[in-house]
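# Architecture at a glance
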Amino acid sequence: VCFTQHVFCLEDMADGGDLGTSVDAPQKKGKRKGGRPNAAGELAMSQLSDKLAEDPGFMEALKAQLGGQLGEALSDKGLFYRTLPKKCKARVGALKNLQVENQQLECRFHQELHELECKFEAEFQGLCDRRKAIVQGEYEPTEEECVFALDDEDEEEEDDEEKAKEDGESKENDDGEKDANALADDIEAKVSLHESEYDENTKGLPQFWLTALQNVAMVQELIEETDVEILKHLVDINCKLLPEPVGFVVTFHFAENEFFTNRVLSKKYLMKIEVDAEDPFSFDGGEIYKCEGCDIDWKAGKNVTVKTIKKKQKNKKQGQTRTITKQVKADSFFHFFNPPQLPEGDDEEVDEEVAAAVAQDYELGLFMKENFVPKAVLYFTGEENDEEEDDDDEYGGDSEGEYDEDEDPDYKPPAGEQPQECKQQ
């Protein structure tokens, strides 16, 4: 039975029909203009709501008649709104006007917030300069400056937890012990390797920025083995805000190296903080709309963003084979400084892969500005996690399907069912 026909049945009620019998009544023929309900249809929908409230059994009867099409109709989140009287719907227009005012106010808030960030930028940069001096070994902090009180509390908590674990745990099986021992040996080998590289005379914090970058999932997946040696020369990353046009610049500072002549690589992100007149409800703070990279002056044979491949070509007429070489794009973190671009014209089609790459690039840029640069030390130590934790881990709950009724003190077996220990007797 066609769902639209049943809607016409409801319209019959406008002429005195009985909702209780209209489901099986003969159907009206005709079409709606513009696909929008007419006055009779709106009345029918209103009476349908009343009938559902009065007679719960009516819903089951309607389901049996309309089948799956009813589910589609009732899943429409705007169904209730469309059943409201005209005056009620008019008030929604007033609420939407208020919402537009709210969006404009929020826009002003974000504009002034950016101005406030620019005002405090010099003070934040002063802290970043002090961080750079310690990382590079240009300044040796005093013993008093090196004491971080919360670290002592964390160490005490770890000691207490380890002691409780040793007292309460039973001995693991042989396989578990072998796995644990193998893991411990692996960790010890890695620690020994680093200990052999650095000693108490090492200045600053070696590989600070490389380690911090590798501890960020969305960055780590971009870093190739060929990038690691280059990033070891990274001495600082900072972010400078742009008041007009609104935006920011992420800057990577490098020591002299064998790979490129640049000492600074930068990337500019331009933002707009404005409410779209045609889509005001989409405003959700500042939005990046464009980014500009920079050219890298690679030294001969050191460009890791390309690779040379050899390809054999056969002459169809003469049957001779020749080998040609050509350069193709290679995966590398340094493509970060040559970002993908969206087409300028609104009418031009956007390739899905390009759009996804641009979105990922914008996300990474904001992450650098909002999280990574300000909290670099926490990414270096691994304390800051850029990935969302699973809800079960966050709340300490078991995975779905692992509920154990025997361990639930409030569990009561259904009537007539014996407890587990009784069944086993």
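Definitions and cut-offs
- Residues numbered from 1 in each chain as written.
- Predicted model: local features only at pLDDT ≥ 70, side-chain atom pairs only at ≥ 80, totals over all residues.
- Heavy atoms only, no water.
- Pairing = 2+ DSSP bridges.
- Helix = DSSP H or I, 4+ residues; strand = E, 2+ residues; numbered from the N terminus.
- pLDDT = per-residue confidence, 0-100.
- Contact = heavy atoms within 4.5 Å.
- Expected span 1.5 Å × (residues − 1).
- Buried < 20%, exposed > 50% of the residue type's maximum accessible area, 1.4 Å probe, protein only.
- Polar contact = N/O pair within 3.5 Å; in protein donor to acceptor, adjacent residues only side chain to side chain.
- Phe/Tyr/Trp six-rings, centres within 6.5 Å; stacked < 30°, edge-to-face > 60°.
- Lys NZ or Arg CZ within 6 Å of the ring centre and 35° of its normal.
- Axes fitted to C-alpha atoms, helices over the stretch in contact; angles between N-to-C directions.

Another point: the pairing of strand β3 (residues 264-272). Pairing between strand β2 (residues 247-254) and β3: seven bridges, direction antiparallel. Looking across to β3, one finds that Phe248 is bridged to Tyr269. Inspection of the sheet shows β3 paired to strand β4 (residues 287-292) by five bridges, in the antiparallel sense. Looking at β4, one finds that Leu270 is bridged to Lys290.

With that out of the way, let us pick up the confidence of the model for the protein. Mean pLDDT over the protein stands at 77; residues scoring 70 or higher make up 64%. Per-residue pLDDT stays below 50 along residues 1-37; that stretch engages in 49 contacts with residues further than four places along the chain or on separate chains. Of the regions scoring below 50 in pLDDT, residues 421-425 engages in two contacts with residues more than four places distant in sequence or in other chains.

Before going further, it helps to spend a moment on helix α14 (residues 352-372). Given a rise of 1.5 Å per residue, 21 residues ought to cover 30 Å, and the 28 Å separating the end C-alpha atoms of α14 matches this to within 8%. Along α14, the positions that sit buried rather than exposed are Val358, Asp361, Tyr362, Leu364, Gly365, Phe367, Met368, Lys369 and Phe372. Where α14 begins, one side-chain oxygen reaches toward the backbone nitrogen of Glu353, 3.0 Å away; that side chain belongs to Asp351.

Let us look at the side chain of Lys267. Tracing the backbone through its elements, the reader meets Lys267 in strand β3. Judged by its relative accessible area of 0%, Lys267 falls in the buried class. Engagement of the side chain of Lys267 in a polar contact is seen with the side chain of Tyr269, the distance being 3.3 Å. In this structure, Lys267 is in contact with Phe248, Val249, Val250, Cys291, Glu292, Gly293, Phe336, Pro339 and Asp361, ignoring residues within four places of it in sequence.

Next up on the list: the packing of aromatic side chains. All chains considered together, the criterion is met by 20 aromatic pairs. On the numbers, 5.1 Å between centres and 85 degrees between planes, the contact of Phe208 with Trp209 is edge-to-face. For the pair Phe208 and Trp209, a shared accessibility class is recorded, and that class is buried. Seen in terms of ring centroids, Phe260 and Phe334 are 6.0 Å apart; in terms of plane orientation they differ by 65 degrees. Their pairing is edge-to-face. Taken together, the residues span a long stretch of sequence, with Phe260 in the loop between β2 and β3 and Phe334 in the loop between β6 (321-329) and α14 at a distance of 74 residues. A single burial state applies to Phe260 and to Phe334, both of which are buried. Here a set of aromatic residues connected by ring pairs shows up, and it is made of Phe252, Phe254, Phe260, Trp298, Phe333, Phe334, Phe336 and Phe337. Positioned above the aromatic ring of Tyr81, the side-chain terminus of Lys89 is 5.9 Å from the ring centre. Across the ring face of Phe248, the terminal group of Lys369 is positioned such that the distance to the ring centre comes to 5.9 Å.

Next up on the list: the sheet that holds strand β1 (residues 234-242). Reading across the sheet, the four strands line up as β1-β2-β3-β4 and stay open at both edges, with antiparallel pairing between neighbours. On the outer flanks of this sheet lie β1 and β4, each paired with one strand and no other. The mean inter-strand angle of the sheet, taken between neighbouring strand axes irrespective of direction, is 20 degrees. The strands that helix α7 (residues 86-135) touches are β1 and β2; relative to β1, the one it contacts most, it runs at about 165 degrees.

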